[in-house]
Amino acid sequence: TGHLIGEENRGLEYMFIMMNAARFAVGMQGVGISDRAYQKAVAYAKDRVQSRPVDGSAKQPVAIIQHPDVRRMLATMRGLTEASRALAYVAAAHCDIAHRHPDEAKRVEHQAIYEYLVPIVKGWSTELSIDVTSLGVQVHGGMGFIEETGAAQYYRDARILSIYEGTTAIQANDLIGRKTVRDGGKVAKSLLAGVAATI
Ligand SMILES: Cc1cc2nc3c(=O)[nH]c(=O)nc-3n(C[C@H](O)[C@H](O)[C@H](O)COP(=O)(O)OP(=O)(O)OC[C@H]3O[C@@H](n4cnc5c(N)ncnc54)[C@H](O)[C@@H]3O)c2cc1C
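Starting from 1, residues in each chain are numbered consecutively following that chain's sequence as written. Note on the predicted model: pLDDT of at least 70 is required for a residue's local features to be given, and 80 or more for side-chain atom pairs to be given and counted; whole-chain, interface and lining totals, by contrast, use all residues. Hydrogens and waters are ignored; side-chain quantities use all the structure's heavy atoms.

Student: What should I look at first to understand the pattern of salt bridges in this one?
Tutor: Side chains bearing opposite charge may pair, as long as their charged atoms lie close to each other. We define a salt bridge as a contact between a side-chain nitrogen of Lys or Arg and a carboxyl oxygen of Asp or Glu at a distance within 4 Å. This structure, assessed with the given rule, holds 8 salt bridges. In this structure, the salt-bridge partner of Asp174 is Lys179, at a minimum N-O distance of 2.8 Å. One network of salt bridges, with partners in common, ties together Glu7, Arg10 and Glu13.

Student: Would you mind going over the environment of Ile130 with me for this structure?
Tutor: Within the fold, Ile130 resides in helix 3 (residues 104-139). It is 26 Å that separates the C-alpha atoms of Ile130 and Gly177, two residues lying 47 residues apart in sequence. What Ile130 contacts, discounting residues up to four positions off in sequence, is Tyr155, Ala158, Arg159 and Ser162. Only runs of H or I of at least four residues qualify as helices and only runs of E of at least two qualify as strands under DSSP, and these elements are numbered from the N terminus. Pairs of residues are marked as contacts when any of their non-hydrogen atoms sit within 4.5 Å.

Student: Looking at this model, I keep getting lost on the site of the ligand. Mind explaining?
Tutor: Near is defined per residue: the residue qualifies when any heavy atom it owns lies within 4 Å of the molecule or strand. Close to the ligand lie Ile160, Ile163, Tyr164, Glu165, Gly166, Thr167, Ala169, Ile170 and Asn173, which account for all nearby residues. Polar contact is the term for a pair of N or O atoms within 3.5 Å; when the atoms are in protein, one must be able to donate a hydrogen and the other to accept it, and sequence-neighboring residues count only if both atoms are side-chain atoms. Measuring from an oxygen atom of the ligand, one finds a side-chain N or O atom of Thr167 at 2.6 Å. Separating a nitrogen atom of the ligand from a side-chain N or O atom of Asn173 is a distance of 3.4 Å. Using the Shrake-Rupley algorithm and a 1.4 Å probe, accessible areas are obtained, with residue cover drawn only from the displayed protein chains. Computed on the free molecule, the ligand has an accessible area of 980 Å², of which 28% lies beneath the protein chains in the complex. If one sorts the elements of the shell around the ligand by residue count, helix 6 (residues 168-181) sits on top with 3 residues. Residue type decides the class: Asp, Glu, Lys and Arg count as charged, Ala, Val, Leu, Ile, Met, Phe, Trp, Tyr, Cys and Pro as nonpolar, and the leftover types, Gly among them, as polar. Considered class by class, the residues forming the shell around the ligand number 5 nonpolar, 3 polar and 1 charged.

Student: Honestly, the packing of aromatic side chains in this entry has me stumped. Any pointers?
Tutor: Two aromatic rings, taken as a pair, are described by how far apart their centres are and by the angle between their planes. Note on aromatic pairs: the rings of Phe, Tyr and Trp (six-membered ring only in Trp) are paired at centre separations within 6.5 Å, and the planes decide the class, stacked below 30 degrees, edge-to-face beyond 60, tilted for the rest. In total, this model carries 1 aromatic pair according to the counting rule given. Considering the side-chain rings of Phe24 and Tyr114, the 6.1 Å spacing of their centres and the 55 degrees angle between planes classify their relative orientation as tilted. A residue pair is termed long-range when its members are at least 10 positions apart, and Phe24 in helix 1 (residues 11-47) and Tyr114 in helix 3 qualify at 90 residues. Exposure is judged per residue with a 1.4 Å probe applied to protein chains only, and the accessible area is read against the type maximum: over 50% gives exposed, under 20% gives buried, and values in between give partly exposed. Since its relative accessible area comes to 15%, Phe24 is described here as buried. You can call Tyr114 buried: its relative accessible area is 7%.

Student: Explanation requested: a nonpolar patch on the surface in the structure shown.
Tutor: Where nonpolar side chains cluster on the molecular surface, the patch consists of Leu12, Met15 and Met18 and spans about 310 Å² of accessible area. As for its placement among the helices and strands, Met15 is situated in helix 1. Nonpolar side chains (Val, Leu, Ile, Met, Phe, Trp, Tyr) are joined into patches within 5 Å and like charges within 9 Å, using only residues with over 30% relative accessible area and no salt bridge.

Student: Where do I start with helix 3 in this structure?
Tutor: Every α-helix carries 3.6 residues per turn, so stepping three or four residues along brings you back to the same face. Each helix should span, by expectation, one fewer than its residue count multiplied by 1.5 Å. Spanning 36 residues, helix 3 covers 50 Å between terminal C-alpha atoms, matching the ideal 52 Å at 1.5 Å per step. The bend reported for a residue corresponds to the angle between axes fitted to the seven residues ending at that residue and the seven starting there. Of all the bends in helix 3, the largest measures some 30 degrees and sits at Leu117, one to four residues before the proline Pro119. Of the residues that open helix 3, the one with a side-chain oxygen 3.0 Å from the backbone nitrogen of Ala105 is Asp103. The first or second residue beyond helix 3 is Gly141, which carries a positive phi of 60 degrees.

Student: Would you explain the nonpolar core in this entry?
Tutor: Across soluble globular proteins, nonpolar side chains have a tendency to be buried as a group. Nonpolar core, defined: a set of buried Ala, Val, Leu, Ile, Met, Phe, Trp, Tyr and Cys residues in which side-chain atoms within 4.5 Å join the residues together. Membership of the largest hydrophobic core comes to 22 residues, with the highest contact counts inside it found for Ala45, Val70, Leu74, Met77 and Val139. Elements that contribute at least two residues to this core include exactly helix 1, helix 2 (68-100), helix 3 and helix 5 (151-161). Take this core: its biggest share by element is 8 residues, from helix 1. Not counting residues within four places of it along the chain, the set of residues in contact with Met77 comprises Ala37, Tyr38, Ala41, Val132, Leu135, Gly136 and Val139. Of all hydrophobic cores here, the second largest spans 14 residues; its members include Phe24, Tyr114, Val121 and Val187.

Student: Help me out: how do you make sense of unusual backbone geometry in this one?
Tutor: Negative phi characterises most residues that are not glycine, and trans characterises most peptide bonds. Positive phi, normally seen in glycine, also occurs at Asn9, with a value near 65 degrees. Tracing the backbone shows Asn9 in the segment before helix 1.

Student: Teacher, can you tell me more about the side chain of Asp174 here?
Tutor: Among the secondary structure elements, Asp174 is positioned in helix 6. For Asp174, a relative accessible area of 6% translates into the label buried. With residues near it in sequence (within four places) discarded, Asp174 still touches Phe16, Arg23, Pro119 and Lys179.

Shown next as structure tokens:
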């Protein structure tokens, strides 16, 4: 027995309410696993002692966090994670306003921006999480590749995020087709105008 939910021929539209929430949540998984990989890499880098400092400031081996290339990797991990978290929070704020603003026109406007950002939060944050967790393995050196530290497990766990709830290419199709072309770029332009105004 099939039950009609809402109006006929609007099923796909209704499904996207669930899909946007699910895709946003997977984007947040990307942010979360990136942050966990970063925290673990920092802790390891402070603990692991290997090689003398490149500037000759000590005769003894130092913790690897003192080596510039390790710092580069950690700073990259942190920068990418903070950027993806910031984007997700901006999207979440639009979602909150879309639910709570007393003015209906404002609700509609913010909902459209939220929906526009969802494929970016999903696609971009999850692709980044693969890069960040891969760097996490690299910071751990050989200990990253074998299983004991857990760094490789983050990398493997991140690998599914760009696949389920719509692969990255499907997010791109959604962003360009459904969210940009369909309204003639209206939401995209209003979002960019907001960015320009902030700058
Ligand atoms: C661990 C796990 C858990 C899952 N959990 C769930 C779940 O709870 N519920 C659920 O419904 N599903 C679930 N899935 C299924 C998941 O949503 C699909 O695997 C995912 O949507 C990709 O579809 P597919 O595997 O058929 O790949 P395909 O669609 O065959 O894609 C293969 C490749 O082709 C590309 N491709 C396909 N179509 C296009 C296109 N139009 N343009 C450009 N490139 C394209 C894709 O980007 C990808 O790179 C899960 C999958 C896994 C692995």
